[in-house]
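Fold and geometry: a report
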Amino acid sequence: MGFTFSFFQVMLTQSLMLVFPTAIMLSINGPITLLLLLCLLTYLALYAFTRKHITRFSLKMKEAENTFFSAQNEQLVNAKAIRLHAAESFFLFRLRQRFKKYLATLMRYQRFSYTVSSLDSVISLMIQVVLFILGGRAVLRGALSVGMFTLILSYFSTMLGAVQSFFALGTSFRATLAAYGRLMDIFTWPIMPNGHELLHAPITTVAITQLSFSYSDAVMLFDGISYTFEKGKLYGIMGANGAGKSTLVQLLSGYLQPQAGSVNYNGRDIATVDAAALRQQYIGYVEQEGRLFHGTILENITLSDRPLDAGQIADVSQLIKLLNLEQWGLDSNASLSTLIHGDNSS
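The rules behind each value
Residues numbered from 1 in each chain as written. Predicted model: local features only at pLDDT ≥ 70, side-chain atom pairs only at ≥ 80, totals over all residues. Heavy atoms only, no water. Helix = DSSP H or I, 4+ residues; strand = E, 2+ residues; numbered from the N terminus. Rg over C-alpha atoms; globule rule 2.2 N^0.38 Å. Buried < 20%, exposed > 50% of the residue type's maximum accessible area, 1.4 Å probe, protein only. Contact = heavy atoms within 4.5 Å. Areas by Shrake-Rupley, 256 points an atom, 1.4 Å probe, with all protein chains shown as cover. Lys, Arg positive; Asp, Glu negative; His and termini not counted. Charge placed at Lys NZ, Arg CZ, Asp CG, Glu CD. Pairing = 2+ DSSP bridges. Axes fitted to C-alpha atoms, helices over the stretch in contact; angles between N-to-C directions. Core = buried A, V, L, I, M, F, W, Y, C linked by side-chain atoms within 4.5 Å. Parallel < 35°, antiparallel > 145°, perpendicular 65-115°, else oblique. Left-handed = near helix turned anticlockwise from the far one by under 90°. Patch = residues over 30% accessible without salt bridge, like charges linked within 9 Å, V, L, I, M, F, W, Y side chains within 5 Å. Salt bridge = Lys/Arg side-chain N within 4 Å of Asp/Glu carboxyl O.

Moving on: the overall build of the chain. Broken down by element type, the chain carries ten helices and six strands. For 346 residues, the compact-globule formula gives about 20 Å, and the C-alpha radius of gyration of the chain, at 34 Å, lies well above that figure. Each of the three principal axes of the chain carries a C-alpha extent, and together these read 105 × 50 × 45 Å. With 346 residues in all, the chain has 27% of them scored as buried. Restricting to contacts in the chain with at least 6 residues of sequence separation, those with at least 24 account for 70%. Of the roughly 23,400 Å² of accessible surface on the chain, 63% is carried by carbon and sulfur atoms. In the chain, the 26 positive side-chain charges and the 21 negative ones have mean positions that sit 17 Å from each other.

Structure (structure tokens):
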């Protein structure tokens, strides 16, 4: 709110500093004022010429900057693994490559910004030269007094400052537009489809019917497969790397959507079921690599957004005993409250 008020305050102030001096200068000497206004239009032409380039250079610089700092953060997060595998030289080489690209785009952006700034100074100087020539001739001819010419110089300086302020604002806006565009790309990502029906009865069957899925048109992982998983039975999915084992599990959980066919829980298409609630209540998913989030041990076990009651905490304790985790010290509320970090798997 404060930024918006300040922005419009500056806009109003600069507009008044442009309008009122123009009106006064027109009353003093109309021809000189109109000619100076035409000269000021060169700022508009300069902005029209540079605005797309400013956005493009700024976008490339931000992309290279994000790539470099992402690589740097990756090394910091995985510092232990990098040292254990003696991969420092590889990661350092990759980081240097990204830094070179970032530096190159940064220098291009700075050179372009310096060029625009220099053109601003040149235009300002040329306009002032024109003003001195026209005003000086008018004073020598007696058409304009020295006092009036001094007033024109003073008011024109105010006008020029307002125009330069608008030009700087437009340039800054175009640079910021690149970051805004990147944010909008994230906000406009397609929302994961999710139904609204809830499953209340125990799940007895999970069936896939004529299911087809591919990550690209060239490679079809599943092409019209059908199978039914029944309650009380243990299933193993076997296949080579890249065969689609993890993809099938993600399709069954509703995380991915098939191009054709359906996944049905108790005969109900998962497309109509609240898949998020389904995963939270009925599905346990163990990834190939353990993943911890910043929070307490209890929060990492439950991933609950609500306080747990005594019965739920008792269920957690029973789970700890079932998994034989007591040997790691997870046998009290104090240990469950221990804070861990997302990058710490110990």
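From this point, things continue past the structure.
Attention now moves to the sheet that holds strand E4 (residues 268-269). Spatially, E2-E1-E3-E4 is the arrangement adopted by the four strands of the open sheet, whose pairing is antiparallel. Looking at which strands have only one partner, the edges of the open sheet turn out to be strand E2 (222-230) and E4. Sheet topology places strand E1 (residues 205-213) next to E2; six bridges connect them, and they run antiparallel. Each bridged residue has a counterpart across the sheet, and for Val206 the counterpart in E2 is Phe229. Each of E1, E2 and strand E3 (260-265) is contacted by helix H6 (residues 245-252), which is oriented at about 120 degrees to E1, the strand it contacts most.

Regular strands place their side chains on alternate faces of the sheet. Pairing of E1 with E3, which is carried by five bridges, proceeds in the antiparallel orientation. Bridging from a neighbouring strand, Ser212 pairs with Ala260 of E3.

Here we take up unusual backbone geometry. Positive phi is not limited to glycine here, since Ala86 has a value of about 50 degrees. Note that Ala86 resides in the loop between helix H3 (79-84) and helix H4 (88-141). In this structure, Asn266 is a non-glycine residue whose phi angle is positive, near 55 degrees. Structurally, Asn266 can be placed in the loop between E3 and E4.

Next up on the list: the nonpolar core. When a protein is soluble and globular, its nonpolar side chains tend to lie buried together. Residues Leu36, Leu40, Tyr43, Ile127, Leu131 and Phe156 are the most contacted members of the largest nonpolar core, which totals 31 residues. When residues of this core are traced back to their parent elements, those giving at least two are helix H2 (30-77), H4 and helix H5 (146-187). Looking at this core, the element that brings in the most residues is H2, giving twelve residues. Setting aside residues no more than four positions away along its own chain, Leu36 makes contact with Met25, Ile127, Leu131 and Phe156. Judged by nonpolar contacts, the second largest core, of 17 residues, contains Ile203, Val206, Val263 and Leu278.

All of the buried residues in H6 are Thr247, Leu248, Gln250, Leu251 and Leu252. Where H6 is buried, its residues contact E1, E2 and E3. Looking one or two residues beyond H6, the residue adopting positive phi is Gly254, at roughly 85 degrees.

On to the packing of H2 against H5, then. The contact between H2 and H5 brings their axes to 8 Å, and the two run at 25 degrees. With respect to H5, the axis of H2 lies roughly parallel. Once H2 is placed against H5, the crossing between them reads as right-handed.

The next point concerns a positive patch on the surface. On the surface, Arg56, Lys60, Arg108 and Arg111 cluster together into a patch of positive charge. Residue placement: Arg111 occurs in helix H4.

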